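So the chains spell out like this:
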Amino acid sequence: MYTTEITEGVNLHLLQTEKFRTITLCILLRTPLERQSVTANSLLAKSILNGCAKYKTKRSIEVRLEEISASVTSNVIKKGEEHIIELYCKADPLYIEEVIELLGNILLKPLFNNMDSAKNDLESTINSLVNDKRGYALEKCIESMCEKEAYGINGDGYLEDINNVSIHSHYNNVISKAKIDIIGIGNIDSNEIAEYIKKYIPLYPRETNMEICNYLYYPSAEKEINEEMDITQGKLCVGLRMNINPVSRDWYKAIVANELFGGSASSALFMQARESESLCYYISSRLLRFKSIMLIEAGIDSENKDKVIDIIKSAFNNISEENIDVAKQNIINGYKIAQDKPERIMDAILGGLIAGKNMSFEETIDEIKSVDTIEDIFSDSYLDTVFMLSKEDRYDKYN
């Protein structure tokens, strides 16, 4: 991968490959995850495509994108304890100069038209979480688990802050202070892309010092949070602190251990809680790398909560290595598939930038292959939070 510093605090990372017919470009404005800025960042992402100095309206931007065979979206990403505003673009190689010119106009000369629409859109996004019961339980578990840490902040923002955002002031602060990484993937000429970036996206140097995400946390006691809602299926989310350095070789052991524990349909959790005991509609585990957290999610009947938690604890403390080769192959297959998707490659590159340690998929696969035991990998791990979203007790409510 070709990497160069455009100016202080602004870096360009280009991966040349003939695998894809289009070029993928991603401009990332990296900021600390903070309660006072998340809503403003989210509103900025919702409104930055509504018009710019050269293309005055959202419609005129869309027309120009059609003319140059490109697409652009804007989003916010919560990754570790960073909150990142993203401009994500797919482009025809024939029009790459025109695309970068347009991106420069959007990024550096936004008009922030139609802010009422952007505010309504953000309000809908925040409110929509409650309609995704599984996502809601997951977010509430993280919020409770990390209530004293930046990671507990909701990356979409907060309803009560939307009308307090001064969008122009916030934009000026972000564009002048954010750490900026620009990533490109495709059949590209690195020197040509770098020159276009310098020409059309002239950014001032900035001093940036992104804090390394703290992965160590020892809970003083297990927390249990119960919430009721009008649902037909209970949602259980259990959070564990693993205290494993996310850039160490032990992290790859943790990936394999998670696959054996709850990462697949042949995992210990799935086989025992769902197949053998029929206590779950679904159950799985996932890892949050930068916080060194494992989250177990399950769809259950609320009365089975204690039984399922007992199974989780028992399985976690007795992860078998019997199927370690199968687990490793499943993980490796996943990484191989990821190499065929530009968005997955982008995510891996961003993860490496945040971690301060970039690794190719081939290097990661080699690390997984080298895992020969998971013994004691979770010896410093602790159950932190149990969040249960249960079916509402209507009798108690109305009597």
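Relevant structure appears above.
The rules behind each value
- Residues numbered from 1 in each chain as written.
- Predicted model: local features only at pLDDT ≥ 70, side-chain atom pairs only at ≥ 80, totals over all residues.
- Heavy atoms only, no water.
- 1 Å grid on protein atoms, 1.4 Å probe; cavity = no way out; pocket = protein on both sides within 12 Å on 5 of 7 lines; lining within 4 Å.
- Points joined across faces, edges and corners; volume = space filled by probe spheres on them.
- Helix = DSSP H or I, 4+ residues; strand = E, 2+ residues; numbered from the N terminus.
- Nonpolar A, V, L, I, M, F, W, Y, C, P; charged D, E, K, R; others polar.
- Salt bridge = Lys/Arg side-chain N within 4 Å of Asp/Glu carboxyl O.
- Buried < 20%, exposed > 50% of the residue type's maximum accessible area, 1.4 Å probe, protein only.

**Q** In this structure, what is going on with the layout of surface pockets? I would like to understand it.
**A** Of the volumes computed, that of the largest pocket is approximately 1,300 Å³. Broken down by secondary-structure element, the contributors of at least two residues to the lining of the largest pocket are strand S4 (70-79), helix H8 (250-261), strand S9 (280-288), helix H11 (324-338), helix H12 (342-355) and helix H13 (361-370). Grouping the amino acids of the lining of the largest pocket by side-chain chemistry returns 12 nonpolar, 10 polar and 9 charged. Of the pockets and cavities examined, the second largest pocket occupies roughly 410 Å³. When residues of the lining of the second largest pocket are traced back to their parent elements, those giving at least two are S4, helix H5 (133-145) and S9. With 4 residues, H5 is the single largest residue contributor to the lining of the second largest pocket.

**Q** It is not clear to me how the pattern of salt bridges should be interpreted in this structure. Could you clarify?
**A** Where charged atoms of side chains with opposite charge meet at close range, the side chains can pair. One pass over the structure, following the stated rule, counts 25 salt bridges. As a salt-bridge pair, Glu297 and Arg134 come within 3.4 Å of each other at their nearest N and O atoms. Of this pair, Glu297 sits in strand S10 (residues 293-300) while Arg134 sits in helix H5, and the two are 163 residues apart along the sequence. You can call Glu297 buried: its relative accessible area is 4%. For Arg134, a relative accessible area of 32% gives the class partly exposed. With its nearest N and O atoms 4.0 Å apart, the salt bridge here joins Lys198 to Glu195. Linking Lys198 with Glu195, this pair stays in helix H7 (residues 190-200), spanning 3 residues, or about one helical turn. Given the relative accessible area of 42%, Lys198 is considered partly exposed. Taken together, the shared-partner salt bridges in this structure form one network comprising Glu81, Glu149, Arg241, Lys291 and Asp384.

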